[in-house]
Amino acid sequence: NQVGLENGDPSTEVGPEIDTTFGCPIKFRTKFPLYHRLQASQVCQILEASVLHSLAVSNRHEFFVYRDETEAIFYMKLNEIGGSTGDVVELLVFGVHEPGPSITTQLKRLLQKRVLTIAVDALSSVLMKNPKYNWKNSDVEFLKSFESTWNSLDDDQELDDPVEREYELPESVFDPLLIMVYFRQNICGS
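A brief look at the structure comes next.

Cut-offs and rules
Residues numbered from 1 in each chain as written. Predicted model: local features only at pLDDT ≥ 70, side-chain atom pairs only at ≥ 80, totals over all residues. Heavy atoms only, no water. Patch = residues over 30% accessible without salt bridge, like charges linked within 9 Å, V, L, I, M, F, W, Y side chains within 5 Å. Areas by Shrake-Rupley, 256 points an atom, 1.4 Å probe, with all protein chains shown as cover. Salt bridge = Lys/Arg side-chain N within 4 Å of Asp/Glu carboxyl O. Helix = DSSP H or I, 4+ residues; strand = E, 2+ residues; numbered from the N terminus. Pairing = 2+ DSSP bridges. Axes fitted to C-alpha atoms, helices over the stretch in contact; angles between N-to-C directions. Contact = heavy atoms within 4.5 Å.

Taken together, the side chains of Leu177, Leu178, Met180, Val181, Tyr182 and Phe183 make up a nonpolar region of the molecular surface, amounting to roughly 600 Å² of accessible area. Of note, methionine 180 is situated in helix H4 (residues 176-188).

What follows covers the sheet that holds strand E4 (residues 63-67). On the basis of which strands lie adjacent, the open sheet formed by four strands has the order E3-E6-E5-E4 and antiparallel pairing. Of all strands in the sheet, those with a lone pairing partner are strand E3 (26-33) and E4, marking the two edges. Within this sheet the neighbouring strands show an average axis-to-axis angle of 25°, counted without direction. Taken together, the seven bridges between E3 and strand E6 (residues 88-95) define a ladder with antiparallel strand orientation. Bridging from a neighbouring strand, proline 33 pairs with valine 88 of E6. Set on the sheet, helix H1 (residues 40-50) makes contact with E4, strand E5 (73-81) and E6; between it and E5 the angle comes to about 150°. Together, E3, E4, E5 and E6 form the strand contacts of helix H2 (residues 101-129), whose direction differs from that of E3 by roughly 20°.

Okay, structure coming up:
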């Protein structure tokens, strides 16, 4: 895999092309079926900009990296899948080890919740533009099932062992409450 020189000119590199595919196998995948008013490309952009933004790999467009609680590192990518039954967004997780609950449960729930809120925003936008909108059966079914779907995502029974951490603040911190407010703002994004 050495890079050669063409005509003795050190500025011209000749050699094997850089392989941009992952060497790691897919260790986890999950699909998020989309509400009929949503397009997979838009949902991927919103998820990447909101939920996955802090995990973005700067030199790889649409790729994300995460180190879990066991220090294992995973690469992730969102795929857009279009079909006759509707669009789907798929999360692919690549790695050497099996991902833990921070990916298989927590991240999955977070993405599912965000997809639901994107759908509610889309329907709300339609209703704001046209208050006399003629509802489709799929719109009614979506709203009827929204609360139960959302509540099922809040169920913490799948989390076996919640992680508790204790942090000791340096003596130079005079107002620990202010630090907690900063943490909350950073975590909530507001």
